[in-house]
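Coordinate inspection notes
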Amino acid sequence: MQTIAISIGDLNGVGIEIALKSHSEVKKLCNPIYCINKVMLDRASSLLKVSLPSDIQLYDVSGDFSINAGKVDALSGRYSYDSFMAGIKLCEEKKADGVVTMPIHKEAWMLAGLEYKGHTDLLRQHFDADAIMMLGCPEMFVALVTEHIPLRDVTKVVKYKMLKQFLLNLSRDIPKEKVAVLGLNPHAGDNGVLGHEDMRVLKAIKSANKQLGFEQFVGPIVPDVAFTPHFRKDFNYFVAMYHDQGLGPLKALHFDESVNISLNLPIVRTSVDHGTAFDIAYQGQAKTLSYINAVKSAIQLNTRKI
């Protein structure tokens, strides 16, 4: 049975509730190690009014502060970072086969003086690797070419060489099946009528396919029809040029079950595909499906491609 490190996320949010709710089910799938110390775990379980499982295994992450449910807080932000780094360390030292992350709060990281915009950005810098953020579930996966950047900067970032390498990197971590690549502009540019940026996309697709030796990537697909039933019956994987282009449709269709997967890295990392949900923190209302799927995905990544 695989060992999976669990980064507990922002303790002011729903992550710890989800972890404790799901413990008995997760124990059937893997050997979970929770990156949190006993003091903070006791504090969280007391607020949740739940008893701790007798078989729970912890990896001590130092910290002692008040949990402020539903609040943005620098101390909780820093602790979520420390918990994540502990999970990475366990993977690097081969004491865990992967790390599953609960949600962090980006503003809390900023208040804690952390330079990273999120988990994937940290992984990218820590490993000096072009980590790919892919989200989804077995019905549909979406890989993001750009993530947390202003929309005005997308066309400056998505260049031919960058996109070609992105496609080649993605190909290594997913099955050898066709992938729909969305265009940048409405109507995928209409052959230059609505912008010339999609010609770069087309060039990158053709070049990547040539190097791969088969036509894995198809496009650029007109963005407003890419996620219709007509296309989804033929494609299970999609490449979106920017965050909301891909995640808006994904969350409309598969919000509860989707997971976040980091590809093109030396370790396995998956995550829930939702935020800290401060509005329902410590109220017993948090759903667990995304987390359970994230654990399953981490296990699958160690045995086969997602």
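Figured I'd write up the structure that's included with this text. (Residues numbered from 1 in each chain as written. Predicted model: local features only at pLDDT ≥ 70, side-chain atom pairs only at ≥ 80, totals over all residues. Heavy atoms only, no water.)

Structural notes on the pairing of strand S8 (residues 237-240)
The alternating pattern of S8 places Tyr237 and Val239 on one face and Phe238 and Ala240 on the opposite face, and all of these are buried. Alignment of strand S5 (residues 140-144) against S8, held across 4 bridges, turns out to be parallel. Paired with Phe141 across the bridge in S8 is Tyr237. Where strand S6 (residues 179-182) lies against S8, 3 bridges are found, and the strand directions are parallel. The residue of S8 that forms the bridge with Val179 is Tyr237. (Buried < 20%, exposed > 50% of the residue type's maximum accessible area, 1.4 Å probe, protein only. Helix = DSSP H or I, 4+ residues; strand = E, 2+ residues; numbered from the N terminus. Pairing = 2+ DSSP bridges.)

Examining a nonpolar patch on the surface
A cluster of nonpolar side chains, namely Val72, Met110 and Leu111, defines an oily patch on the protein surface of about 280 Å² accessible area. You can see Met110 is positioned in helix H4 (residues 106-111). (Patch = residues over 30% accessible without salt bridge, like charges linked within 9 Å, V, L, I, M, F, W, Y side chains within 5 Å. Areas by Shrake-Rupley, 256 points an atom, 1.4 Å probe, with all protein chains shown as cover. Salt bridge = Lys/Arg side-chain N within 4 Å of Asp/Glu carboxyl O.)

Comments concerning the state of the cysteines
In this structure the tally under the stated criterion is 0 disulfides. Of the cysteine sulfurs around Cys30, a residue in no disulfide, the closest is that of Cys91, at 12 Å. The class of Cys30 is buried, set by a relative accessible area of 0%. Unpaired in terms of disulfides, Cys91 finds its nearest cysteine sulfur in Cys35, a separation of 8.6 Å. (Disulfide = S-S within 2.5 Å.)

Digging into the pattern of salt bridges
A full pass over the atoms with the stated rule returns 10 salt bridges. Measuring nitrogen to oxygen at the nearest pair gives 3.2 Å for the salt bridge that ties Asp234 to Lys233. Across the pair Asp273 and Lys251 runs a salt bridge whose closest N-O atoms are separated by 3.8 Å. Taken together, the positions of Asp273 in the loop between strand S10 (269-272) and helix H11 (289-301) and Lys251 in helix H10 (residues 243-254) put the pair 22 residues apart, joining distant regions of the chain.

Concerning the packing of helix H3 (residues 74-92) against helix H5 (residues 119-127)
Interhelical geometry of H3 versus H5 gives an angle of 45 degrees and a closest axis separation of 12 Å. In terms of their interaxial angle, H3 and H5 are classed as oblique. Crossing of H3 over H5 shows right-handed handedness. Packed against H3, whose contacting residues are Tyr81, Phe84, Met85, Ile88 and Glu92, the element H5 presents His119, Leu122, Leu123, His126 and Phe127 at the interface. Broken down by class, the residue content of the contact of H3 with H5 amounts to 7 nonpolar, 2 polar and 1 charged. (Axes fitted to C-alpha atoms, helices over the stretch in contact; angles between N-to-C directions. Parallel < 35°, antiparallel > 145°, perpendicular 65-115°, else oblique. Left-handed = near helix turned anticlockwise from the far one by under 90°. Contact = heavy atoms within 4.5 Å. Nonpolar A, V, L, I, M, F, W, Y, C, P; charged D, E, K, R; others polar.)

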